[in-house]
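An overview of the molecular structure
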Amino acid sequence: MNTIITKAPAKINLTLDITGKRDNGYHDLRMIMQTIDLCDELTFQPTETPGIRLTMNQALPDHCPMEKNLVYRAADLMMQKYHLPGGLQIHLDKYIPAAAGLAGGSTDCAATLSTINTMYELGLSDQELCDIGVTLGADVPFCICKGTMLSEGIGEILTPLPPLAPLWALLIKPDISVSTGYVYGHFDLEHLSYHPDTEGIIDYIRRKDAAAVAHHLSNVLETVTIPAFPVIETIKQFLIQEEAIGALMSGSGPTTYGLYQDEIRARMAYRKAQNTYPDYDVILCQTRVPE
């Protein structure tokens, strides 16, 4: 078996809706998710010595032990479940901001499951990989399938949509930490005054009307995160002022993005954001699955 280098792309939410809460505390979600071409990169090298060794190009902000990292957990699960011989050396080059609402950990996990499936010729289908992945994280199934998807349940029910016409996405992640548990724990479904027009956006995607999609971005978790962290609303307003055709917080935050159809306008906004927010992560990418 040879060394395999794999890209793990991030995602943004075009919509995020919560439709209910289960007895076990999990929320029922209905959201449209979109792959972007911002990627981490993982290198997998089989070893004769049993066990998994994971290294990274940078430390994560939560100082999570390597054994609890989703890459390690996914590799360990696959090695044990399928009684795979030897071990694995995995190196993760991290470029997706951590704890940012961009599924950075989930996409690394998904890439690990898919690469081990290929490397050891296990012959698992995407659905079988998704069934494994959802036990590790709700966003992992989407990150396995990638593209433009309607995601329901806790994230495990995926309906492919036509590819979104490529747009430029300017991501701005402020230097704050947002707890996903806090956001979902403080979400008040009973008093929610609006829901995303999910069906409408699906129709716009099918009609390839990217501008209409951008104009109707919606995330109900902003009702929790923006009051707690007003800087997110400030960033949204900055993006709109810089002529984004739509702006939204992704996931539970704090990354906020603006969409652009025009590359020149997007690059001008990118330079302005770098100057305005020198201490933030500022990234320009596109809404597409990387090659």
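Heads up: these notes are all about the structure in this document. Note that the coordinates shown come from a computational prediction; the quantities given were computed from them, not determined experimentally.

1. Quick word on the layout of surface pockets
Where empty space is left becomes clear once a probe the size of a water molecule has been rolled over the atoms. Space inside the largest pocket adds up to approximately 1,300 Å³. Taken together, 47 residues form the lining of the largest pocket, with L70, A103, S106, D139 and T180 sitting closest to its centre. Those elements that place two or more of their residues in the lining of the largest pocket are β1 (4-21), β2 (27-47), α1 (70-81), α2 (104-119) and α5 (180-185). Residues that form the lining of the largest pocket fall into these classes: 23 nonpolar, 17 polar and seven charged. As a volume, the second largest pocket reaches approximately 240 Å³. In terms of lining residues, the second largest pocket is bounded by 15 residues, among which Q58, I96, P97, A98 and D281 are the most central. For the lining of the second largest pocket, the class distribution of residues is ten nonpolar, two polar and three charged.

2. With respect to the nonpolar core
Of all hydrophobic cores here, the largest spans 52 residues; its most connected members are L16, I18, L42, I90, L113 and L221. With seven residues, α1 is the largest single contributor of residues to this core. Residues L161, A169, A210 and Y257 belong to the second largest nonpolar core, which totals 29 residues.

3. Remarks on the environment of A214
Take A214: it is sitting in helix α7 (residues 210-215). A214 sits in the buried class, given a relative accessible area of 2%. Contact partners of A214, with chain neighbours within four places excluded, come to I245, G246 and L259.

4. Section: α1
In a regular helix each residue adds 1.5 Å, so twelve residues correspond to 16 Å; α1 covers 16 Å between its end C-alpha atoms and thus fits that length. Among the residues making up α1, those that are buried are L70, V71, Y72, A74, A75, M78 and M79. Where α1 is buried, its residues touch β2, β3 (51-56), β4 (87-93), α2 and α3 (126-133). Sitting at the head of α1, N69 places a side-chain oxygen 2.8 Å from the backbone nitrogen of V71. With its phi angle positive at about 50 degrees, H83 sits one or two positions after the end of α1.

5. Quick look at the sheet that holds strand β10 (residues 256-260)
Pairing in this open sheet of four strands is antiparallel, and the strands run β9-β10-β7-β11 from one edge to the other. On the outer flanks of this sheet lie β9 (246-249) and β11 (281-286), each paired with one strand and no other. Direction aside, neighbouring strands of the sheet carry axes that sit 20 degrees apart on average. In this structure, β9 lies alongside β10, joined through four bridges in antiparallel fashion. Residue pairing across strands places M249 opposite T256, the latter belonging to β10. Contacting β7 (168-173), β9 and β10, helix α9 (residues 231-241) crosses the sheet at an angle of about 15 degrees to β10.

How each quantity is defined
- Residues numbered from 1 in each chain as written.
- Predicted model: local features only at pLDDT ≥ 70, side-chain atom pairs only at ≥ 80, totals over all residues.
- Heavy atoms only, no water.
- 1 Å grid on protein atoms, 1.4 Å probe; cavity = no way out; pocket = protein on both sides within 12 Å on 5 of 7 lines; lining within 4 Å.
- Points joined across faces, edges and corners; volume = space filled by probe spheres on them.
- Helix = DSSP H or I, 4+ residues; strand = E, 2+ residues; numbered from the N terminus.
- Nonpolar A, V, L, I, M, F, W, Y, C, P; charged D, E, K, R; others polar.
- Core = buried A, V, L, I, M, F, W, Y, C linked by side-chain atoms within 4.5 Å.
- Buried < 20%, exposed > 50% of the residue type's maximum accessible area, 1.4 Å probe, protein only.
- Contact = heavy atoms within 4.5 Å.
- Expected span 1.5 Å × (residues − 1).
- Polar contact = N/O pair within 3.5 Å; in protein donor to acceptor, adjacent residues only side chain to side chain.
- Pairing = 2+ DSSP bridges.
- Axes fitted to C-alpha atoms, helices over the stretch in contact; angles between N-to-C directions.

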